[in-house]
Amino acid sequence: MRYMLLIWNRPGFAEELSERERTDLFGEVDALMAELTESGELVGGAALADPSTARTVRRHGDRPEVTDGPFLESKEQFAGYVTVDCDTPERAAEVAARWPDVRWGFGALEVRALMDEGGPAQ
């Protein structure tokens, strides 16, 4: 089953870290990605640009309206994703729990099963 691990964190948190802390944090990301690649569980993923570059499209009256930014009522913003192919939802949650943003207390990961045309991806 494929799962998308949605990474939520506070924009700018990395700039508040020392150079050593940033190196350690991103080193943990690299090590986890290498492990997932080796196990064959990594499908893909990407980080997102700063939320200030985002545009949100919503229906306003009878037409779509485009506004700057996500403007969420939250300190955490959607920062990126990792897609994994795991045997169980528990394994996907285990991977998410090991993500540095969670372990260091800078954010959260949402674990969502992917859908295909016939329902949940297998």
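Here we summarise the structure given alongside this text.

Conventions adopted
- Counting restarts for each chain, with residues numbered from 1 along the sequence as it is written.
- Residue-level local features of this predicted model are given only where pLDDT is at least 70; pairs of side-chain atoms are given and counted only at 80 or more, and the full residue set underlies all totals for whole chains, interfaces and linings.
- Excluded from the side-chain calculations are hydrogens and water; all other atoms, namely the structure's heavy atoms, are used.
- Put simply, DSSP marks the helices as runs of H or I at least four residues long and the strands as runs of E at least two long, and each gets a number from the N terminus on.
- Think of it in three bands: residues with accessible area under 20% of the maximum for their type are buried, residues over 50% are exposed, and the middle band is partly exposed, with areas taken using a 1.4 Å probe on protein chains only.
- Contact between two residues is taken to exist if any of their heavy atoms lie within 4.5 Å; hydrogens are not considered.
- All accessible areas in this document rest on Shrake-Rupley with a 1.4 Å probe, and a residue is counted as covered only by the protein chains that are shown.
- For two strands to be treated as a pair, DSSP must find at least two bridges joining them.
- Where helices are involved, their axes are fitted lines through C-alpha atoms of the stretch in contact, as for all axes, and angles between N-to-C directions lie from 0 to 180°.
- It is the directions from the helix axis to the C-beta atoms whose arc is reported.

## Description of the overall build of the protein chain
- In terms of helices and strands, the protein chain carries three helices and eight strands.
- Seen in sequence order, the protein chain has helices and strands lined up from the N terminus as β-α-β-β-β-β-α-α-β-β-β.
- Seen along its three principal axes, the alpha-carbon backbone of the protein chain occupies a region of about 50 × 45 × 20 Å.
- Each of the 122 residues in the protein chain was classed as buried or not, and the buried ones make up 30%.
- Once local pairs closer than 6 in sequence are excluded, the contacts in the protein chain between residues at least 24 apart make up 74%.
- Accessible surface, the protein chain: about 8,000 Å² in total, of which carbon and sulfur atoms supply 51%.

## Let's talk about the pairing of strand β5 (residues 77-85)
- Pairing of strand β1 (residues 2-9) with β5, which is carried by eight bridges, proceeds in the antiparallel orientation. The partner of Leu6 across the bridge, within β5, is Tyr81.
- Summarising the sheet, strand β2 (residues 42-47) and β5 pair through five bridges and their orientation is antiparallel. When the bridges of β5 are listed, Gly45 appears paired with Val82.

## Examining the sheet that holds β1
- Taken in spatial order, the four strands of this open sheet run β2-β5-β1-β6, and their pairing is antiparallel. Of all strands in the sheet, those with a lone pairing partner are β2 and β6 (107-113), marking the two edges. Neighbour to neighbour, the strand axes of the sheet diverge by 20° on average, direction disregarded.
- As paired strands, β1 and β6 are joined by seven bridges and run antiparallel to one another. Bridging across to β6, Met4 finds its partner in Arg112.
- Set on the sheet, helix α2 (residues 89-98) makes contact with β1 and β6; between it and β1 the angle comes to about 30°.

## Observations concerning the side chain of Asn9
- Tracing the backbone through its elements, the reader meets Asn9 in strand β1.
- Excluding its chain neighbours within four sequence positions, the residues that come into contact with Asn9 are Lys75, Glu76, Gln77, Ala79, Asp101, Phe106 and Gly107.

## Regarding α2
- Buried residues of α2: Arg91, Ala92, Val95 and Ala96, and no others. End-on view of α2: buried residues confined to an arc of 145°, all on one side of the axis.
- Summarising the contacts, the buried residues of α2 are in contact with β1, α1 (19-39), α3 (100-103) and β6.

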